[in-house]
Amino acid sequence: MFRLYWADEGGLPAGDRGLAYGDGLFETIRMSAHRGVLLSRHLERMVRDAARLGIEVSRKELANVCVEAAERFADRFNAEDWVLKLTLTRGSGGRGYRPDPGMEPNLMVSASPLPPVPDPAGVAVDVSKVPLTVNPLLAGIKSLNRIEQVLAASDLGPSLFEVIMTDRDGNLVEGTRTNLLLRRGDCWLTPPASSLAVAGVLRQWLLERLRQRGDTVTERPVTVNDVLGPDCQGLFLLNSVLGIVPVRTIAGHDLPVDGGLATIFNPLETLE
């Protein structure tokens, strides 16, 4: 069970541990009317990763909230796609880092318009000056602790769609809001899930589809030389709200753009 809060009726309580310590996690789901893109994967990830944090929540409860949220919000967007956000925290109460036993989680539900669709001809990105540190215990979890991404995103502007964050060895890991997939020679490369701050649901869905059709997919660190070398056939950003976004330039260097990968993912075909 959890306490349910609607963002349009007010925020979470002042004593919420998500506000105080980032003690929680969230999902952002692209919605088309009353159905969500890769909805079951979003809910399964929230349940699984909440359990890793010691927060108990059931998939059925979350699914029921999504139905209620669609009834509440869908008509506000005039038949346009929209974004549903679920923010789950450990709950309210307790001073200090150590949580009280038996706390009841809080779930806040909000809705917003779908962001502008990226240019299908490709976008410009840069390499962030903010390094990404991933605690192995938290790898892949879409937790509320996103301060590194906030600092990195301060460099974004009208001409720059994304910045790519690197690990301590200078490997390209992920964007502030996207995962990476590189076409190199006759195979696909992507950083391993263990190195990611967020292991996206679209990333996992796409890797499964590529392997099903017989493509070679390798999960290993991605270097700058992999991207700028002669074998690079395209770099793609993955985000379940925005889809598959080809990169046209990185740090001022032109990259080949192939729109074929985008045809694999049709949001309308993944609605649930």
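The sections below set out a description of the structure shown in this document. Keep in mind the model is a prediction, meaning the values are calculated, not measured.

Focus: the overall build of the protein chain
Then, number 1: Within the protein chain one finds six helices and 14 strands.
Then, number 2: What you see for the protein chain is a C-alpha radius of gyration of 19 Å, in line with the 19 Å of a compact globule of 272 residues.
Then, number 3: Dimensions of the protein chain along its principal axes, counting C-alpha atoms only, are 55 × 40 × 35 Å.
Then, number 4: Here the protein chain, with 272 residues, has 50% of them falling under the buried criterion.
Then, number 5: The long-range share in the protein chain, meaning contacts at least 24 apart out of those at least 6 apart in sequence, stands at 69%.
Then, number 6: As displayed, the protein chain has an accessible area near 13,100 Å², and 52% of this comes from carbon and sulfur atoms.
Then, number 7: With 29 positive and 34 negative side-chain charges, the protein chain shows a spacing of 3 Å between the two charge centroids.

Regarding helix α3 (residues 59–73)
Then, number 1: Taking 1.5 Å per residue as the helical rise, α3 with its 15 residues ought to reach 21 Å, and the 21 Å between its terminal C-alpha atoms agrees with that figure.
Then, number 2: Packing partners of the buried residues in α3 comprise β1 (3–6), β2 (24–32), α2 (39–52), β4 (82–89) and β5 (106–113).

Comments concerning the pattern of salt bridges
Then, number 1: A complete count under the given rule lists 20 salt bridges for this structure.
Then, number 2: With a closest N to O distance of 3.1 Å, R30 and D81 form a salt bridge. Taken together, the positions of R30 in strand β2 and D81 in the loop between α3 and β4 put the pair 51 residues apart, joining distant regions of the chain.
Then, number 3: Accessibility expressed as a relative area gives 19% for D81, which makes it buried.
Then, number 4: With its nearest N and O atoms 3.0 Å apart, the salt bridge here joins D215 to R213.
Then, number 5: Each of D8, E9, R72 and R76 takes part in a single network of salt bridges with overlapping partners.

Observations concerning the sheet that holds β5
Then, number 1: Strands sit in the order β1-β5-β4-β2-β3 across an open sheet of five strands; the sheet is mixed. Strands with a single pairing partner mark the edges of an open sheet, and in this sheet they are β1 and β3 (35–36).
Then, number 2: Relative to β3, β2 runs antiparallel, the two being bridged by two bridges. Following the sheet pairing, M31 is matched in β3 by G36.
Then, number 3: Strands β2, β3 and β4 of the sheet are contacted by α2, whose axis makes an angle of about 175° with β2.

Describing the side chain of E162
Then, number 1: Mapping E162 onto the fold places it in strand β7 (residues 162–166).
Then, number 2: There is a polar contact of 2.6 Å between the side chain of E162 and the side chain of T176.
Then, number 3: Residues within four places of E162 in sequence aside, it is in contact with A124, V125, D126, L156, G175, T176, R177, T178 and L237.

Parameters at a glance
Residues numbered from 1 in each chain as written. Predicted model: local features only at pLDDT ≥ 70, side-chain atom pairs only at ≥ 80, totals over all residues. Heavy atoms only, no water. Helix = DSSP H or I, 4+ residues; strand = E, 2+ residues; numbered from the N terminus. Rg over C-alpha atoms; globule rule 2.2 N^0.38 Å. Buried < 20%, exposed > 50% of the residue type's maximum accessible area, 1.4 Å probe, protein only. Contact = heavy atoms within 4.5 Å. Areas by Shrake-Rupley, 256 points an atom, 1.4 Å probe, with all protein chains shown as cover. Lys, Arg positive; Asp, Glu negative; His and termini not counted. Charge placed at Lys NZ, Arg CZ, Asp CG, Glu CD. Expected span 1.5 Å × (residues − 1). Salt bridge = Lys/Arg side-chain N within 4 Å of Asp/Glu carboxyl O. Pairing = 2+ DSSP bridges. Axes fitted to C-alpha atoms, helices over the stretch in contact; angles between N-to-C directions. Polar contact = N/O pair within 3.5 Å; in protein donor to acceptor, adjacent residues only side chain to side chain.

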